[in-house]
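The primary structure of each chain is shown beneath.
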Amino acid sequence: MSTGPHVTRFAPSPTGALHLGNARTALFNDLAARSSGGRMILRIEDTDAARSDDARLARLLSDLRWLGLEWTEGPDVGGPHAPYRQSERASIHASAVARLAELGLAYPCFCSPDELRIARRAQLAAGRPPRYAGTCAALPTATAAARIAAGASAAVRFRVPAGRIVEFEDVVHGAQRFATDDIGDFVIQRADGSAAFFLGNAVDDAGMGVTLVLRGDDHLANTPRQLLLLEALGLPAPRYGHLPLVLAPGGAPLSKRDGAASLHDLREQGYLPGALQNYLVRLGHACSHDEWLEPDSMPRHFDLSRSSRSAAHFDEAQLRHWQRVAVVRASDGELLEWLGNRIDRVGDRDRRLAFVAAVRGNLVFPPDVEPLVAVACESTISIDEDARSAIDTAGPEFYRRAAELWRRHPGDFRAWARVVAADTGRKGAGLYMPLRAALTGMTHGPELAPLVALMGPERALGRLEAAGERAVA
Ligand code: GLU
């Protein structure tokens, strides 16, 4: 495929939460634009007024920005093709419909939803693909006008040309062919006067100068209809690429149970945007780099020709892998913000920074920090089962000696650990495991020296003594 520069767009309907598949579509549009030196437009497809509202839109924009996407035109930034909310483009859509009517390529349809349903059922029962039977296609113009004048409401349908083949080269799936005889005349304007998806979407892509449309596979069969509309209107057609669905590991549609919540939920859960980007760029796309990619370098490793034609499967373990890497790589400032007031108790900014440096390798999500805050700040800590048995195994004498030596080397963990080793003959895990169990109440965790520095010599001594008392002799 040509390398652009592509003008792409992401065109969500703000009717529900943005799921992972949508987020991937958005990211791929952003990357296809940036990797070709082009740009992305954000257009909001909110003609379904009943289900679109400002609060949803605000959340959508904030989640997309949070993910790190960049658009040069959109409802919040404006641009030369404004407005960017389809609900505000009604007059543009209406003139396209009027133009098609003038050309004899559109006609009013008075069929009620019930009539359409019955016709559809009959076609399916007869083993035929359901498509509009053409009931209103031949109504004389005067008859239609009279019914409208009498107050009947009508949708408007596009007259699909008979006997043609629509061909296009899908950027992901390759050559596509659709026979127009399989496509029924479709609605381009609803009975309430608003533009139907096929029309608004295609007319706006052309009007906004979009050159590449990347969207979900579920729209593949819509593309021939949209190409016919654009051709009839004499408008330029973009290239289309249809991205395969993102499915649950077993192949079912994705659901929350798979850990694949909406983008917003993942954000609330504490996923970092870089983790999601690194995960999504590899979801159905053979990224040319296996290691962590900074958002700025991602376009260089993105190539649509390496995107898969088959469905991608969500893998929560992979997403968590990237989350771990993202946490390790995040700046101190990012982590302070990420952890928020969970670490207030640790103290002033310097202490919080030291704390974050000590524990970051052990965090995947913000709540993971809570037991570690307790280790650094509480006078008493809870001891988990593994730690309890490590303490019992080491026995009271070990802790009596360790405490005794700590009184001589308070605050210098490394020097102390050396003398405890020399004194008790323990080393490696045999030394550090029981120390860790007593000092943190856990058998796994961050490096001990900085953590002990944060808890301070008094707390450390108290915990060693408590372990000595607790240990079974
Ligand atoms: N609003 C449509 C959707 O969310 C856009 C489809 C497209 O990208 O063309 O599915």
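J.: It is not clear to me how the overall build of the chain should be interpreted in this structure. Could you clarify?
T.: A count of helices and strands for the chain gives 17 helices and eleven strands. Computed over its C-alpha atoms, the radius of gyration of the chain comes to 31 Å, more than 25% above the 23 Å expected for a compact globule of 473 residues. Along the three orthogonal principal directions, the C-alpha set of the chain runs to about 105 × 45 × 35 Å. Taken together, the 55 basic and 57 acidic charged side chains of the chain have centroids lying 2 Å from each other.

J.: I keep staring at the sheet that holds strand β3 (residues 106-109) and nothing clicks. Help me out?
T.: Read across the open sheet, the three strands follow the order β3-β4-β7; overall the sheet is antiparallel. Edge positions in the sheet fall to β3 and β7 (187-189), since each of these pairs with one other strand and no more. On average, each strand axis in the sheet is inclined to that of its neighbour by 45 degrees, with strand direction left out of account. Each of β3, β4 (155-158) and β7 touches helix α3 (residues 90-102); the most contacted strand, β7, lies at about 125 degrees to it.

J.: Please explain the pairing of strand β1 (residues 7-10) as it appears in this structure.
T.: For a regular strand, side-chain orientation follows a simple rule: the groups alternate between the two sheet faces. Burial of the side chains of β1 extends over both faces: Val7 and Arg9 are buried on one face and Thr8 and Phe10 on the other. Two strands pair when backbone bridges link them, and β1 and strand β2 (residues 39-42) are joined in this way by four bridges, in the parallel orientation. Residue Arg9 lies in a different strand from β2, and its bridge partner there is Ile41. Taking the sense of rotation as the criterion, the β-α-β connection linking β1, helix α1 (residues 20-35) and β2 turns out right-handed.

J.: Would you explain the site of the ligand in this entry?
T.: Around the ligand, the surrounding shell consists of Arg9, Ala11, Ser13, Glu45, Phe197, Asn201, Arg215 and His219. At 3.0 Å, a side-chain N or O of Ser13 approaches a nitrogen atom of the ligand. Within the contact set of the ligand, an oxygen atom lies 2.8 Å away from a side-chain nitrogen or oxygen of His219. For the ligand, whose unbound accessible area comes to 300 Å², protein coverage reaches 80%. One can see that the ligand is located within the largest pocket. Among the residues forming the shell around the ligand, the class breakdown is two nonpolar, three polar and three charged.

J.: Could you clarify how one ought to interpret the nonpolar core in this entry?
T.: As a rule of thumb, nonpolar side chains are buried together in soluble globular proteins. Ranked by internal contacts, the top residues of the largest apolar core, which has 104 residues, are Phe355, Trp416 and Leu464. One finds Val97, Leu100, Met208 and Leu228 within the second-largest nonpolar core, a separate group that totals 31 residues.

J.: I tried to follow the packing of helix α15 (residues 413-424) against helix α17 (residues 448-470) on my own but got confused; where do I start?
T.: For any two helices packed against each other, one specifies the inter-axial angle together with the distance between the axes. Orientation of α15 relative to α17, taken along the N-to-C sense of each, is 60 degrees, at an axis distance of 10 Å. Overall, the two elements α15 and α17 adopt an arrangement that is oblique. Residues Phe413, Arg414 and Trp416 of α15 pack against Leu448, Ala449, Val452 and Leu464 of α17. Across the contact of α15 with α17, the residue classes break down as six nonpolar, no polar and one charged.

J.: When you look at the packing of aromatic side chains in this model, what are you seeing that I'm missing?
T.: Each aromatic ring pair is specified by the distance between its two centres and by the angle formed by the two planes. Across all of its chains, the model carries 13 aromatic pairs by this definition. Between Tyr271 and Phe365 the ring centres are 4.8 Å apart and the planes differ by 80 degrees, which places this aromatic pair in the edge-to-face class. Taken together, the residues Tyr271 in the loop between α8 (263-269) and α9 (273-280) and Phe365 in the loop between α12 (349-359) and α13 (370-377) connect sequence positions 94 residues apart. For the pair Tyr271 and Phe365, a shared accessibility class is recorded, and that class is buried. Taken together, the ring pairs in this structure connect Phe158, Phe186, Phe197 and Phe198 into an aromatic cluster. For the cation-ring pair, Arg24 lies above Phe28, with the distance from its terminal atom to the ring centre recorded as 5.5 Å.

J.: Got a minute to help me understand the pattern of salt bridges in this structure?
T.: A pair can form between side chains of opposite charge whenever their charged atoms are brought close. What the rule picks out here adds up to 26 salt bridges. Residues Asp54 and Arg85 are paired through a salt bridge, measuring 3.3 Å at the closest nitrogen-oxygen approach. Taken together, the positions of Asp54 in helix α2 (residues 54-67) and Arg85 in the loop between α2 and α3 put the pair 31 residues apart, joining distant regions of the chain. When its relative accessible area of 18% is taken as the criterion, Arg85 is described as buried. Each of the salt bridges in this network shares a partner with another, and the network as a whole consists of Arg9, Arg43, Glu45 and Asp205.

J.: Any chance you could explain the layout of surface pockets here in plain terms?
T.: Gaps between atoms show up when a probe of the same size as a water molecule is rolled over them. Of the volumes computed, that of the largest pocket is approximately 920 Å³. In terms of lining, the largest pocket is formed by 42 residues, of which the most central are Ser13, His19, Asn22, Asp218 and His219. Elements that contribute at least two residues to the lining of the largest pocket include exactly β1, α1, α6 (197-207), β8 (212-216) and β10 (246-247). A per-element tally of the lining of the largest pocket places α1 first, with four residues. Broken down by class, the residue content of the lining of the largest pocket amounts to 18 nonpolar, 14 polar and ten charged. Looking at the second largest pocket, its volume works out to about 530 Å³. Of all the secondary structure elements, the ones that give two or more residues to the lining of the second largest pocket are α2, α8, α9, α10 (316-329) and α11 (332-339). Residues belonging to the lining of the second largest pocket are distributed by class as follows: eleven nonpolar, four polar and six charged.

Cut-offs and rules
Residues numbered from 1 in each chain as written. Predicted model: local features only at pLDDT ≥ 70, side-chain atom pairs only at ≥ 80, totals over all residues. Heavy atoms only, no water. Helix = DSSP H or I, 4+ residues; strand = E, 2+ residues; numbered from the N terminus. Rg over C-alpha atoms; globule rule 2.2 N^0.38 Å. Lys, Arg positive; Asp, Glu negative; His and termini not counted. Charge placed at Lys NZ, Arg CZ, Asp CG, Glu CD. Pairing = 2+ DSSP bridges. Axes fitted to C-alpha atoms, helices over the stretch in contact; angles between N-to-C directions. Contact = heavy atoms within 4.5 Å. Buried < 20%, exposed > 50% of the residue type's maximum accessible area, 1.4 Å probe, protein only. Right-handed = clockwise from strand over helix to strand, strands pointing away. Near = heavy atom within 4 Å. Polar contact = N/O pair within 3.5 Å; in protein donor to acceptor, adjacent residues only side chain to side chain. Areas by Shrake-Rupley, 256 points an atom, 1.4 Å probe, with all protein chains shown as cover. 1 Å grid on protein atoms, 1.4 Å probe; cavity = no way out; pocket = protein on both sides within 12 Å on 5 of 7 lines; lining within 4 Å. Sits in = over half its atoms within 2 Å of the grid points. Nonpolar A, V, L, I, M, F, W, Y, C, P; charged D, E, K, R; others polar. Core = buried A, V, L, I, M, F, W, Y, C linked by side-chain atoms within 4.5 Å. Parallel < 35°, antiparallel > 145°, perpendicular 65-115°, else oblique. Phe/Tyr/Trp six-rings, centres within 6.5 Å; stacked < 30°, edge-to-face > 60°. Lys NZ or Arg CZ within 6 Å of the ring centre and 35° of its normal. Salt bridge = Lys/Arg side-chain N within 4 Å of Asp/Glu carboxyl O. Points joined across faces, edges and corners; volume = space filled by probe spheres on them.

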